[in-house]
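# Survey of secondary and tertiary structure
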Amino acid sequence: MRRILLLGGTTEASCLAALLAQAGIAAVFSYAGRTEAPLAQPLPTRIGGFGGVEGLTRYLRDQRIGAVVDATHPFAAQISRNADAACRAACVPMLMLRRPAWPGDPGWQRVPDIAGAVAALPHAPTGVFLAIGRQNLAPFAALPHRWLLRLVDAPEAPPLPGARVVLARGPFSVEGDRALMQDHAITHLVAKNSGGAGASAKLEAARELGVRVVLIDRPAAPDRPEVAKPEDALDWLHQTTPRGV
Ligand code: 3Y8
Ligand code: NAP
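All values reported here derive from a predicted model rather than from experimental measurement. (Residues numbered from 1 in each chain as written. Chains lettered and ligands numbered in written order. Predicted model: local features only at pLDDT ≥ 70, side-chain atom pairs only at ≥ 80, totals over all residues. Heavy atoms only, no water.)

To continue, consider the pattern of salt bridges. This model, assessed by the stated rule, comprises nine salt bridges. Taking the shortest distance from any N to any O, the salt bridge between Asp217 and Arg110 comes out at 2.9 Å. Of this pair, Asp217 sits in the loop between strand S11 (212–216) and strand S12 (226–227) while Arg110 sits in strand S6 (residues 108–111), and the two are 107 residues apart along the sequence. Here Asp217 falls in the partly exposed class, since its relative accessible area comes to 25%. (Salt bridge = Lys/Arg side-chain N within 4 Å of Asp/Glu carboxyl O. Helix = DSSP H or I, 4+ residues; strand = E, 2+ residues; numbered from the N terminus. Buried < 20%, exposed > 50% of the residue type's maximum accessible area, 1.4 Å probe, protein only.)

Turning next to the site of ligand 2. What surrounds ligand 2 is a group of 22 residues, the closest being Gly8, Ser30, Arg34, Phe50 and Lys192. Here Ser30 contributes a side-chain N or O atom positioned 2.7 Å from a nitrogen atom of ligand 2. Interatomic distance of 3.2 Å between a backbone N/O atom of Ala76 and an oxygen atom of ligand 2. Listing elements by their share of the shell around ligand 2, those giving two or more residues are strand S2 (27–31) and helix H3 (77–89). Ranked by residues supplied to the shell around ligand 2, first place goes to H3 with four residues. (Near = heavy atom within 4 Å. Polar contact = N/O pair within 3.5 Å; in protein donor to acceptor, adjacent residues only side chain to side chain.)

Moving on, we come to the environment of Leu121. Its place among the elements puts Leu121 in the loop between helix H4 (114–120) and strand S7 (127–130). Setting aside anything within four residues of it in sequence, one finds Leu121 in contact with Val128, Phe140, Leu143, His145, Trp147, His188, Val190 and Val214. (Contact = heavy atoms within 4.5 Å.)

Moving on to the site of ligand 1. If you check the shell around ligand 1, you find 30 residues, and the closest are Ser14, Ala32, Arg99, Arg134 and Arg169. For ligand 1, an oxygen atom lies 2.5 Å from a polar atom in the side chain of Arg99. Between Arg169 and ligand 1, the recorded distance is 2.4 Å, taken from a side-chain N or O atom to an oxygen atom. Out of a free accessible area of 1,100 Å², ligand 1 has 92% covered by protein chains. Residues of the shell around ligand 1, tallied by class, amount to ten nonpolar, 13 polar and seven charged. (Areas by Shrake-Rupley, 256 points an atom, 1.4 Å probe, with all protein chains shown as cover. Nonpolar A, V, L, I, M, F, W, Y, C, P; charged D, E, K, R; others polar.)

Structure follows, in structure tokens:
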């Protein structure tokens, strides 16, 4: 039986890890190592990059990986491109486990990328909740707003001038996000169209408060079979890996 590589870092990846462990299926869970103390998984876990396409291809061959499930976040576009290329090179089947994007809401302003989100914000100073993590904050620095940031780990230096930082790891609640935005007199929310339940609370809270939402569309995904539910990924593994999994 050949092992499964599960590229994780999302709620769906954690759910699939539990299903694989319960089924006694040989699998390895992979984190990028973005956070100091990622959630423990019920599978053998590796943390850190593979070293690009070449490193991942070598990993697939050396570890005799039988199939890859890319359950990374919709905005983790680089790892998905790399996995697509490495799986082609190593002739390993690959499935995307990806939750559907949130459907449009007339009250939301959809933008294609971070630059679009910067351009969508007002010029006059106001309270803005940037709930997009830590990696894409620099482009907002030129704007005069009162920033509220939510990060997983404490930043070494203030990520934006005058920013208030909340340290929290989702999934989040509507009540919690509503109170957070009220306490900080937020008028605008910037979010990624991550989809899923783990990040949607802020959108519901914003709707209730009349906070304007700027929603960043997700990048294109590789052309691979895709499922939205962890149990459908398990079915795919049974059908795809020789002698079942
Ligand atoms: C390291 C693993 C689980 C997974 C939980 C999901 C839900 C909570 C919502 C807000 C939005 C944001 C951010 C977010 C969410 C889940 C999921 C999801 C958004 C952890 C995790 C890792 C990361 C990396 C981190 C990024 C950041 C993004 C915070 C673990 C908790 C904003 C994305 O400090 C940093 O460098 C953080 C970086 C990539 C985006 C960014 O660009 O900064 N996720 N998030 C994974 C790894 O090392 O491979 O630490 O336990 C996972 C989760 N984050 O099993 O319960 O499934 O989406 N993560 C976004 O969606 O906008 C928070 O605050 O409202
Ligand atoms: P990314 O930009 O797509 O990938 C950048 C590099 O990080 C990859 O080329 C790879 O390094 C490494 N990498 C990414 N995910 C990995 C994984 N699961 N296992 C091993 N290496 C990985 O990734 P990102 O957007 O920084 O996201 C990193 C992690 O955070 C992912 O696990 C993702 O699921 C999770 N996450 C991201 C977001 C988000 O908004 N981006 C939200 C929630 C969770 P090498 O080239 O060296 O192999």
